[in-house]
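Here are the chains, one letter per residue:
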Amino acid sequence: MIEVPAPDAAAAAAAAARQGRLVKPPGALGRLETLAVWAAGVQGRCPPRPFRRVRAVVFAGDHGVARTGVSAYPPDVTAQMVATFVAGGAAVNVLARHVGATVRVLDLAVDGETPAPVAAYKVRRGSGRIDVEDALTLAQAERALTAGRAVADEEVDGGADLLVPGDMGIGNTTPAGALVAVLAARDPSAVTGRGTGLDDARLARKVAAVREAARRGHGALRDGGPVALLAAIGGADVAAMTGFLVQAAVRRTPVVLDGVVSGAAALVAAALAPGAVAWWVAGHRSTEPAHAAALDRLGLVPVLDLRLRLGEGTGALLAVPLLQAAVVTLAEMATFDEAGVRSGG
């Protein structure tokens, strides 16, 4: 198990107490109040500061299972989308600019050539077909985990105060569903969704692939633990995201989780470092049933539910302004005493 420090309980308690003194009925700001208390705890100060340096990191990789027809898009779209990220034209780029965040894209297992900075941590070209073979060797899984931890260190050392993990990989909701089926103890049919918009025939193929992968994953987890599980049915991109989430918590840096892939990676990260979940907030709930199952197992309530299913970090970025609103209301609203307003009670 990896040791993770706990958020600052005293700062969180002070934030909760301050909420009770602000010029409003108790609980009147709803979820903004609990988000502000979380922000105070992870920042270790009350009132918390607005998040100024939000960094989104998109982990990209291809998956062999995509060749079996579990996605509505062909596998070569992954490399094409990576190029779009680099050019700044994807949804994650647009939303990042809107909320004042930066975007970094990393190729962990794209089955094609990508620019040198993007491929700095590349583990392999494509991951194995998880319904019949391992996604990675154990050494490759460990290498990807280490890469993700290194990336988190780079972002924190570069000044990041809030991190957003994004994903890009045709077919990646299949390994995500399989990981959730194993770690959340759900039947594969209950956690397999239509992803990019599958018809019934392709959905049936996807359910079968998730079922076979989950069967293999149970044995890997039993015999070798979370890293062996990633090697068997994850992928280099998912493993790197897992390491990223673990190390963010080790470095006392909060994270806004995105969709189903980050939810699956978070389940593995929580198995490796159980205290890490306290450093995360769920930005949204996607339409993939595996995502709801992952959040339920993690005990996280999503900030938004907009029926999103894009990935990339988009849903998490959309939640950032609400986090900022939570922080500034706690920090800048007057208390009853300051405003000369008579409190209830």
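Residues numbered from 1 in each chain as written. Predicted model: local features only at pLDDT ≥ 70, side-chain atom pairs only at ≥ 80, totals over all residues. Heavy atoms only, no water.

Visitor: Which parts of the structure should I look at to understand the side chain of T335?
Guide: Within the secondary structure, T335 is located in the loop between α12 (314-332) and α13 (336-339). Ignoring anything within four residues of it in the chain, the contact list for T335 reads R18, R21, L22 and V23. (Helix = DSSP H or I, 4+ residues; strand = E, 2+ residues; numbered from the N terminus. Contact = heavy atoms within 4.5 Å.)

Visitor: Please explain the pattern of salt bridges as it appears in this structure.
Guide: Oppositely charged side chains can pair when the atoms bearing their charge come close. Summed over the entire model, instances satisfying the criterion amount to 19 salt bridges. Here D157 and R251 are joined by a salt bridge, their closest N and O atoms 2.7 Å apart. In this pair, D157 is assigned in helix α5 (residues 138-157) and R251 in the loop between α9 (236-250) and β4 (255-257), connecting sequence segments 94 residues apart. Residues joined by salt bridges that share partners form a network here, namely R55, R104, E154 and E155. (Salt bridge = Lys/Arg side-chain N within 4 Å of Asp/Glu carboxyl O.)

Visitor: I would appreciate a short explanation of the packing of aromatic side chains in the present structure.
Guide: The relation between two aromatic rings is expressed through the spacing of the ring centres and the mutual angle of the planes. Going through the model one piece at a time under the given rule, you end up with 1 aromatic pair. Both rings, one in F59 and one in F244, keep their centres 5.2 Å apart while their planes meet at 65 degrees; by these two values the pair is edge-to-face. Of the two residues, F59 sits in strand β1 (residues 54-61) while F244 sits in helix α9, which places them 185 residues apart along the sequence. The pair F59 / F244 is uniform in exposure class, with both members buried. (Phe/Tyr/Trp six-rings, centres within 6.5 Å; stacked < 30°, edge-to-face > 60°. Buried < 20%, exposed > 50% of the residue type's maximum accessible area, 1.4 Å probe, protein only.)

Visitor: Sorry if this is basic, but what is going on with α12 here?
Guide: Since one α-helical turn is 3.6 residues long, residues separated by three or four positions face the same way. Compared with the 27 Å implied by 1.5 Å per residue over 19 residues, the 28 Å span of α12 between its first and last C-alpha is a close match. At V320, α12 shows its strongest bend, of approximately 25 degrees, with the proline P321 following within four residues. (Expected span 1.5 Å × (residues − 1). Bend = angle between axes of the 7 residues up to and from the residue.)

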